[in-house]
Amino acid sequence: MTTRGGPWCPAPGHGGGGRQFRAGLSGNHGCPERETGSLGRFKASLRENVLGSPKELLKLSVPSLVYAVQNNMAFLALSNLDAAVYQVTYQLKIPCTALCTVLMLNRTLSKLQWVSVFMLCAGVTLVQWKPAQATKVVVEQNPLLGFGAIAIAVLCSGFAGVYFEKVLKSSDTSLWVRNIQMYLSGIIVTLVGVYLSDGAEIKEKGFFCGYTYYVWFVIFLASVGGLYTSVVVKYTDNIMKGFSAAAAIVLSTIASVMLFGLQITFTFALGTLLVCVSIYLYGLPRQDTTSIQQGETASKERVIGV
């Protein structure tokens, strides 16, 4: 059942299914207590913000739904676009996230920061670039539908990430409580999608059919990674999360070279250089972008001022 691992699974750490929720909690035992001060305070916060606050759950259901739409649109786009075109256009989520940060959080990015964002976008594209290969399989594609889907996916990615950051930084609610609220919403969204798409197969073979030890291990890693992605968002910002994700892509490719003998291409080397330079440029001394600024400065003026 590809749906459970495919388009209907919200992004890791942002509304993943119940399997990721359980694995994530078991893999981070003790972290909630460290942030809230004690297990008793954490339980009280859980009762207040999860069981006793449906409005908070509803607030966190927004990014869960948006991430579900994003993943489905990305799947639809990949089905209707060439892999290379999809690869390039989907990286527009990086500058889209920066734009949402400016518009939704009243922040200002310098010209150098904007240059570094687009440089990162180009670098990630080159690092992941794979030349198109001829195939005898003829697949009917609708490019117009594909571009429309990728546009929606890019907008959803930027909006959901910045929305979640705003929720995290706009209250004193524990980061771990926010994650639980997000996961609970994600469980509902994911289960609905799974049963709509694969309901008959689930009834016949069971929900956990095909779950090997490797599958559980991957779920565990995705859950832990998703939870700590939230830490990055809370204490830095979504743009920095994009830079760290790009660095992770480069490191994983280098690991593949050492472990599996993957050949380094010129495009990979150039992309790695662009990623490293963009990270350096973005990290140069600048104004603080890790907290939401107060004041009503027109967002349009901020963008134009760049």
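Above this text you will find the structure in question.
Residues numbered from 1 in each chain as written. Predicted model: local features only at pLDDT ≥ 70, side-chain atom pairs only at ≥ 80, totals over all residues. Heavy atoms only, no water.

K.L.:
I keep staring at the nonpolar core and nothing clicks. Help me out?
P.N.:
One broad rule of soluble globular proteins: the nonpolar side chains tend to lie buried together. Core analysis: the largest hydrophobic core is formed by 17 residues, its most contacted members being Leu109, Leu120 and Ile239. Among the elements of the structure, helix H7 (93-105), helix H8 (111-127), helix H12 (238-260) and helix H13 (266-282) are those that each provide at least two residues to this core. Among the elements that make up this core, the one with the highest residue count is H8 (6 residues). Non-local contacts of isoleucine 239, meaning those with residues more than four positions away in its chain, are made with Thr97, Ala98, Thr101, Leu109, Val117 and Tyr282. Counting residues in each nonpolar core, the second largest holds 14 residues, with Tyr90, Cys100, Leu105 and Ala149 among its members. (Core = buried A, V, L, I, M, F, W, Y, C linked by side-chain atoms within 4.5 Å. Buried < 20%, exposed > 50% of the residue type's maximum accessible area, 1.4 Å probe, protein only. Helix = DSSP H or I, 4+ residues; strand = E, 2+ residues; numbered from the N terminus. Contact = heavy atoms within 4.5 Å.)

K.L.:
I tried to follow the pattern of salt bridges on my own but got confused; where do I start?
P.N.:
A side chain with one charge can pair with a side chain of the opposite charge if their charged atoms come near. Per the counting criterion, the structure on display carries 3 salt bridges. With a closest N to O distance of 2.8 Å, glutamate 165 and arginine 107 form a salt bridge. Separated by 58 residues along the polypeptide, glutamate 165 in helix H9 (residues 143-169) and arginine 107 in the loop between H7 and H8 bring together distant segments of the chain. An identical accessibility class is assigned to glutamate 165 and arginine 107; each is buried. (Salt bridge = Lys/Arg side-chain N within 4 Å of Asp/Glu carboxyl O.)

K.L.:
It is not clear to me how the environment of leucine 81 should be interpreted in this structure. Could you clarify?
P.N.:
By the secondary structure assignment, leucine 81 is in the loop between helix H5 (54-80) and helix H6 (83-90). Residues in contact with leucine 81, not counting those within four places in the same chain, are Tyr86, Gln141, Pro143, Gly146 and Phe147.

K.L.:
Sorry if this is basic, but what is going on with unusual backbone geometry here?
P.N.:
A negative phi angle is the norm for most residues apart from glycine, just as the trans form is the norm for most peptide bonds. Positioned with a positive phi, asparagine 106 is a non-glycine residue whose angle comes to about 55 degrees. Note on placement: asparagine 106 falls in the loop between H7 and H8. Residue asparagine 106 is classed as buried on the basis of its relative accessible area of 16%.

Everything listed here is a matter of geometry and, on its own, says nothing about what the molecule does.
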